[in-house]
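Okay, here's what each chain looks like letter by letter:
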Amino acid sequence: MNSRHLLIWLACLGLLALAPALESTALAEEILLWHAYRGDEKQAIEQVVHDYETLTGNTVRVLAVPDEGYTNKLVTAIPRGNGPDVFIAAHDQTGSWSENKIISPLGSDDLPEALLDDFHPQTVEALRYKGDLYGLPVAFKSSVLFYNKKLVSQPPKDTVELMAMVEALTNPEAQKYGLVYEITNLYFHSTWLHGFGGHIFDPDTGAIDLGTEENAASFEFARRLSVFLPHDVDGARISKLFNDGDAAMVINGPWFMAQLGEDLDYGVAVLPFVTESRQWAAPFLTAEGLFLSSEAHNRKASLELLTYIACEGALTRATLGKQMVAYLPTYEPGVLNDSPAAAERRAVFLAQLDHVVPTSNRPEMSSVWAPTQQALRKALYGAPSGATPYWMLVIIALLAVGVVFMLKAHDVRTGLRRPSFMLIGLLVCASAIPVIWHLFTIHSDDTAVDPLTTLREAQTRIEVVQAPAAIQANPAPFVALFGLVMLILAGLAYRAYQKNKKRGVEYTDTKVAAFYVAPATIGMFTLVIAPFLVGTALSLFSYERGEFIFVGLQNFARLFSGEGTPLTDSLSFYFTLVVTILWTGLNVFLHVTIGLTLALILREPWLKLRGFFRVLLIIPWAIPNYITALIWRGMFDYEFGAINGILKNIGLTPVAWFDDFITSFSANLITNTWLGFPFMMVVTLGALQAIPRDLEDAAAVDGASAWQRFRFITMPLLKPALMPAVVLGSVWTFNMFNIIYLVSQGNPDSSTEILISEAYKWAFERQYQYGYAAAYAIIVFFILVVYSRMTSRILEADA
Amino acid sequence: MAGLTLRGIIKRYVDAPSDTLKGIDLDILDGEFLVLVGPSGCGKSTLLRIIAGLESITTGTLSIGDREVNKLHPKDRDIAMVFQSYALYPHMSVRRNMSFGLEVRKTPKAEIDKLVDEAAKLLGLETQLDKLPKALSGGQRQRVAMGRAIVRRPKVFLFDEPLSNLDAALRTQMRVEMRRLHRALATTTVYVTHDQIEAMTLADRIAVLDQGILQQVGTPMTLFHAPANRFVAGFIGSPAMNFLEAKVLSKGGQFSLELDPKSSLVVASSVIERAGLEANDTVILGLRPQDLNLGVGTVHGLVDVVETLGWESHVHMKVAGENFLAAVETAQAHDLRPGSAIQLELPTAAVHLFDPKTGVALAHGREPSDDDGSKGADE
Ligand SMILES: Nc1ncnc2c1ncn2[C@@H]1O[C@H](COP(=O)(O)OP(=O)(O)OP(=O)(O)O)[C@@H](O)[C@H]1O
Ligand SMILES: [Mg+2]
């Protein structure tokens, strides 16, 4: 019977293992195409592929991959042979893909040279990296100026006109704006950056070159505009404002049209001439390219499909998919029969193409965005101080020590009174006051920073963020160490076995036992141990140009060196560590205090509708936390958020929540407190139920005040139930990625990042520095191990 | 030190269908030892908790001394209470359980130690002082609870069955200690018990509570000899009083009570007159098991079971079809066998007459004399 079960098990496992193999053999026969389109564009591409299949008889499998993490999926799937043969993606990753050998260049024998003349040269240029062409342009996107025809009769021709119109049309009290766009987003700011003659890469050396007068001039211009623009608007808000007629002009890309109402009477125009520099404003150009995977199974057929979609498919994509296709013959007279309005818009987008700069497709570009945007933000709205978290930690530590002293002045266990402790505690708490004062003063002089300075800072940060050249290390000592650890483990296991044997534990029926523990062991191994080992190993490697290089402890050395930046720099590991400690400590403190208070109130016999409140208060916990996080994010919105709405209504000035460390951190804290207190409340309620009411009554009769009853009776009895919850809560909070990622998004300037979200940034937003990110994760792991060991020691000592 | 005055106290718990206490009027004198008895669930603990301030008063007023305390917080009432559940603080040592009340009242450390050591000695807890409550037996815990109350020297003591978990010997010993303590401190005390002996021996006065209504308050002897109603009569005294339904017969100025056609007894006319009864009235006749003689008499009984308790025996029998208990010397019951018929003599002086409908006492065979108010020589 046992053996039969075992066989069935094994058969199942075998089938599971075979499944991928079966799948990949099936794939070999057809071409696999990935894209991230939705709606009309998806329909169009499917139509084009269908046409291609009927024409050639080849089969194409089309996979619409969700937009989120599309590039990450490509990067992970292709090297493993699970990726597409051909895929459609924006051009900006070309360099990185080329370096990581994800895509393969199109040689002159692959494509007829003349073919390229049919595409707009800017779009072809966008797909070149280090001289090689990596794809055919499918479509292009760039910002243009949208304007509401009711409010703007004639779009501004130059920046002087623009500025005058913006000023005239803006009335913040009535929530009317002359111009709305994501002003701190580099993608949109590129319009002015290039318009003022600025650049990101030095055209001659190819190096990042932010600290230029021209760039600074563009920042200065944005600062002038920012006075009239709503603060921190996102795409959804912008389309709402424009649809409602509250925004006269918007700088946005072609996708914006899909968000506009049918009956909205709007026009599009080429972005204005920059009077100051005598150049045209030039936004970033994004070219969508068709790329050939480096692992393409059937290169010839893949190329054929690629060309077909780009050229023959262009018309279908333009009409059915409403794309701005890059294939120029489509725009010859009579080919497209657009409505006059649509034709007019198409003409504008085409015209704008003469004043664009393709987003750089170099790998370094991915690390340019965040620091540059941060610099822009600083230039517009001011700079946070990097010392804030440290001061906050000092304040909290002082208060905590003071309170502990005050509590110890009357010991719970022994009843010993030490009046001197009360005095010491008060003094320690009082000593926090000057620190609070200091924190307050460094925050009150928070004004906009000179653009050139911020740009130079950004330049330095970008250089810091670049992965240092990996130095190959000798893996031998590590392998030896690993072997040693394994040997010691084996030795320990053997000793335990011998010991048990001596004690008379019999190892009969071990097969059955092994069978029973097998599922758990397999689960533990695949879900916990294996990822842990892989992560540990990864932290010893550097990932560069598609290869893992063994670097030994260099990642850790870099981490502990704090990136060579001062401690007040948010990129420093120590800065993030302090923020993480603040984050965890304050959260758990708030969760416990609020949870405990509510539990104590909910227990009161005079409270009516107790069951109702209980359910109500658990709701925040029951809703998936990312939804809550997004809702709070919306509520903290500067212009339209409920919180600022309330502040405005009661006559206070609205707060730009994500511009300053303290407010941004508070926004995260508030959100996570909202999410976290129900758990503590439920735990406390349960524990309170186990404490007989008589005990508190007895204490009351004994003469104890409410506070004394709580401190000497309720709290000590709650502690055994509460402490494990606190440990658990702190571990969760320590790694509460969602809130940081969704609410503050690390703003300002990565300063509200915690270790785990910082690790994410290193892995996915700063040139795929997987090894370095893994080193962060390992540190997080060790901190938590030490923390939980320490707390369980304390708990045991208490019991 | 202060007396307690309860005026029209009504208590209704939230969500309860009816009042738990239905109008309690009671004056407890300064220094008095009042024992509160009543069946389980009658509201004894509720009354104590109200006095302690742990339950709100629905209507009525409570005063300690001359001060109305309806709204006064328990901690400010200066009352000590021993809870039915002991309510010891599980995380504190015995010593600290006892000292906690003194500590929060800011008593100097030296005095705390002295008071706690005294109480521990009195209660035989000297060796237990450093243990946690969970390491104590039920009886020891109860003593700690007592200790916690008595170290405090409060205005009023409230004891909710403080000795219920002790063995018989310890209980007797503790009872004596209680009296001694009370004599020494003369603190106003309300003491709940189910134990007849405790009630009789400790009380200056006993208050009998049933279904939230105070049935009678009086000295132990008053309650024993002149119970105000059938409930009190049945509740006070052990074994409980026998009740028989009887008809009043009058034959030439001579009154007798007929239990059944075969059994009747002659009663003094003064008793019938006092009871305001006339011929042919129905009445409930109450008789304590100790107050009758076996062997001779005008009442017929049928022996059911004989329990021998030592020098005393309980003879369960049927009289006029009802259960009837006699407590006699074992010698008298020696040759009684189940099923044997027996004659009983019920002395007039021992009878109690109750109204069959209301249960109110109509007359007692022996009227209470003044010296019943004093306590028996129990010390
Ligand atoms: N908190 C409460 N809420 C509602 N009803 C209660 C509450 N406490 C007690 N009662 C009810 O009040 C009545 C009196 O209870 P109490 O505890 O005073 O009885 P007791 O006389 O002390 O009984 P025992 O001798 O068994 O201790 C009982 O019917 C009980 O169910
Ligand atoms: Mg009770």
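Conventions used here
- Residues numbered from 1 in each chain as written.
- Chains lettered and ligands numbered in written order.
- Predicted model: local features only at pLDDT ≥ 70, side-chain atom pairs only at ≥ 80, totals over all residues.
- Heavy atoms only, no water.
- Contact = heavy atoms within 4.5 Å.
- Buried area = accessible area lost by both parts, 1.4 Å probe.
- Salt bridge = Lys/Arg side-chain N within 4 Å of Asp/Glu carboxyl O.
- Polar contact = N/O pair within 3.5 Å; in protein donor to acceptor, adjacent residues only side chain to side chain.
- Helix = DSSP H or I, 4+ residues; strand = E, 2+ residues; numbered from the N terminus.
- Buried < 20%, exposed > 50% of the residue type's maximum accessible area, 1.4 Å probe, protein only.
- Pairing = 2+ DSSP bridges.
- Donors = N, O, S within 2.8 Å, 3.2 Å for Na, K, Ca; no water.
- Axes fitted to C-alpha atoms, helices over the stretch in contact; angles between N-to-C directions.
- Parallel < 35°, antiparallel > 145°, perpendicular 65-115°, else oblique.
- Left-handed = near helix turned anticlockwise from the far one by under 90°.
- Nonpolar A, V, L, I, M, F, W, Y, C, P; charged D, E, K, R; others polar.
- Domains from an automatic or database assignment.
- Core = buried A, V, L, I, M, F, W, Y, C linked by side-chain atoms within 4.5 Å.
- Expected span 1.5 Å × (residues − 1).
- Arc of directions from axis to C-beta.
- Near = heavy atom within 4 Å.
- Areas by Shrake-Rupley, 256 points an atom, 1.4 Å probe, with all protein chains shown as cover.

Novice: What am I meant to see in the interface of chain A and chain B here?
Specialist: Many descriptions give the size of an interface as the accessible area lost when the pieces come together. Contacts between the two partners involve 25 residues from chain A and, on the opposite side, 27 residues from chain B. Here chain A packs against chain B, burying approximately 2,100 Å² in sum over the two surfaces, 60% of which is carbon and sulfur. If you sort the residues of chain A by the area they bury against chain B, Asp694, Val701 and Asp702 of chain A come out on top, with a joint share of 31%. Linking chain A to chain B there are 3 salt bridges. Arg152 of chain B serves as the salt-bridge partner of Asp702 of chain A, at 3.2 Å between the closest nitrogen and oxygen. Scanning the region where chain A abuts chain B turns up 12 residue pairs in polar contact (both at pLDDT 80 or more). Where the side of chain A that touches chain B is concerned, the elements lending two or more residues are helix 26 (693–702) and helix 27 (706–734) of chain A.

Novice: Got a minute to help me understand the pairing of strand 9 (residues 247–252) of chain A in this structure?
Specialist: Looking down a regular strand, the side chains alternate between one sheet face and the other. All names here are of chain A. The buried fraction of strand 9 is high, at 6 of 6 residues. Where strand 7 (residues 144–148) lies against strand 9, 4 bridges are found, and the strand directions are antiparallel. Of the residues in strand 9, the one forming a bridge with Leu145 is Ile251.

Novice: Please clarify how the coordination of the magnesium ion (ligand 2) should be interpreted in this entry.
Specialist: Metal coordination angles have textbook ideals: 109.5 degrees for a tetrahedral set of four donors and 90 or 180 degrees for an octahedral set of six. Residues and elements named next belong to chain B. The protein atoms donating to the magnesium ion (ligand 2) are Ser45 (OG) and Gln84 (OE1), with metal-donor distances spanning 1.9 to 2.3 Å. Taken together, the positions of Ser45 in helix 1 (residues 44–52) and Gln84 in the loop between strand 6 (79–82) and helix 2 (94–104) put the pair 39 residues apart, joining distant regions of the chain. With relative accessibility at 23%, the residue Ser45 sits in the partly exposed group. Gln84 gets classed as partly exposed once you look at its relative accessible area, which sits at 43%.

Novice: Would you mind going over the packing of helix 8 (residues 213–226) of chain A against helix 17 (residues 451–465) of chain A with me for this structure?
Specialist: Two quantities define a packed helix pair, namely the angle between the axes and the distance from one axis to the other. All names here are of chain A. Orientation of helix 8 relative to helix 17, taken along the N-to-C sense of each, is 120 degrees, at an axis distance of 8 Å. If you check the angle between helix 8 and helix 17, you find them oblique. Judged by the sense of rotation from one axis to the other, the crossing of helix 8 with helix 17 is right-handed. On helix 17, the residues that touch Glu213, Asn215, Ala216, Phe219, Glu220 and Arg223 of helix 8 are Pro451, Leu452, Thr454 and Leu455. Taken together, the residues that form the contact of helix 8 with helix 17 break down as 5 nonpolar, 2 polar and 3 charged.

Novice: Please clarify how the domain arrangement of chain B should be interpreted in this entry.
Specialist: By the assigned domains, chain B splits into domain 1 (4–225) and domain 2 (239–364). For domain 1 of chain B and domain 2 of chain B, the distance between their C-alpha centres works out to 39 Å.

Novice: Looking at this structure, I do not really get the nonpolar core. What am I missing?
Specialist: In a soluble, globular protein the nonpolar side chains are often hidden away together inside. Core analysis: the largest hydrophobic core is formed by 103 residues, its most contacted members being Leu33, Phe87, Trp97, Phe119, Phe146, Phe242 and Leu290 of chain A. Tallying contributions element by element places helix 30 (residues 770–798) of chain A first for this core, with 9 residues. Beyond its immediate sequence surroundings of up to four residues, Leu33 of chain A is in contact with Ile45, Val49, Val60, Arg61, Val62, Leu63, Pro84, Val86, Phe87, Ile88, Leu290 and Ile309 of chain A. One finds Met681 of chain A together with Ile9, Met92 and Leu214 of chain B within the second-largest nonpolar core, a separate group that totals 65 residues.

Novice: What's the story with the sheet that holds strand 9 (residues 205–210) of chain B in this structure? I'm lost.
Specialist: Sheet strands line up and pair through hydrogen bonds in the backbone, either parallel or antiparallel. Residues and elements named next belong to chain B. In space, the 6 strands of this open sheet follow the order 6-7-8-3-9-10, with mixed pairing throughout. Two strands lie at the open edges of the sheet, namely strand 6 and strand 10 (213–218), each paired on one side alone. Across the sheet, the axes of successive neighbouring strands diverge by a mean angle of 15 degrees, strand direction being ignored. Bridge analysis of strand 9 against strand 10 gives 5 bridges, and the strand direction is antiparallel. Residue pairing across strands places Asp210 opposite Ile213, the latter belonging to strand 10.

Novice: It is not clear to me how the sheet that holds strand 15 (residues 293–308) of chain B should be interpreted in this structure. Could you clarify?
Specialist: Residues and elements named next belong to chain B. Reading across from one edge, 17-16-15-18 is the order of the 4 strands in this open sheet, with antiparallel pairing throughout. Looking at the sheet topology across the chains shown, the edges are occupied by strand 17 (322–329) and strand 18 (341–345). Strand after strand, the sheet turns through a mean of 50 degrees between neighbouring axes, direction not considered. Sheet topology places strand 16 (residues 312–319) next to strand 17; 8 bridges connect them, and they run antiparallel. The residue of strand 17 that forms the bridge with His316 is Leu325.

Novice: Sorry, what's going on with helix 14 (residues 388–408) of chain A here?
Specialist: Residues and elements named next belong to chain A. Here helix 14 contains 21 residues, and its C-alpha end-to-end distance of 30 Å stays within 8% of the 30 Å for a straight helix at 1.5 Å per residue. Residues of helix 14 that are buried: Thr388, Pro389, Met392, Ile395 and Gly402. Buried residues along helix 14 cover an arc of 160 degrees about the axis, so they all sit on one side.

Novice: Please explain the site of ligand 1 as it appears in this structure.
Specialist: All names here are of chain B. In the vicinity of ligand 1, the residues found are Tyr13, Thr20, Ser40, Gly41, Cys42, Gly43, Lys44, Ser45, Thr46, Gln84, Glu161 and His194. Between ligand 1 and the protein, one listed contact pairs an oxygen atom with a side-chain N or O atom of Ser40 at 2.5 Å. Between ligand 1 and Ser45, the relevant distance is 2.6 Å, taken from an oxygen atom to a side-chain nitrogen or oxygen of the residue. Coverage of ligand 1 by the protein amounts to 60% of the 640 Å² it exposes when considered alone. Grouping the amino acids of the shell around ligand 1 by side-chain chemistry returns 2 nonpolar, 8 polar and 2 charged.

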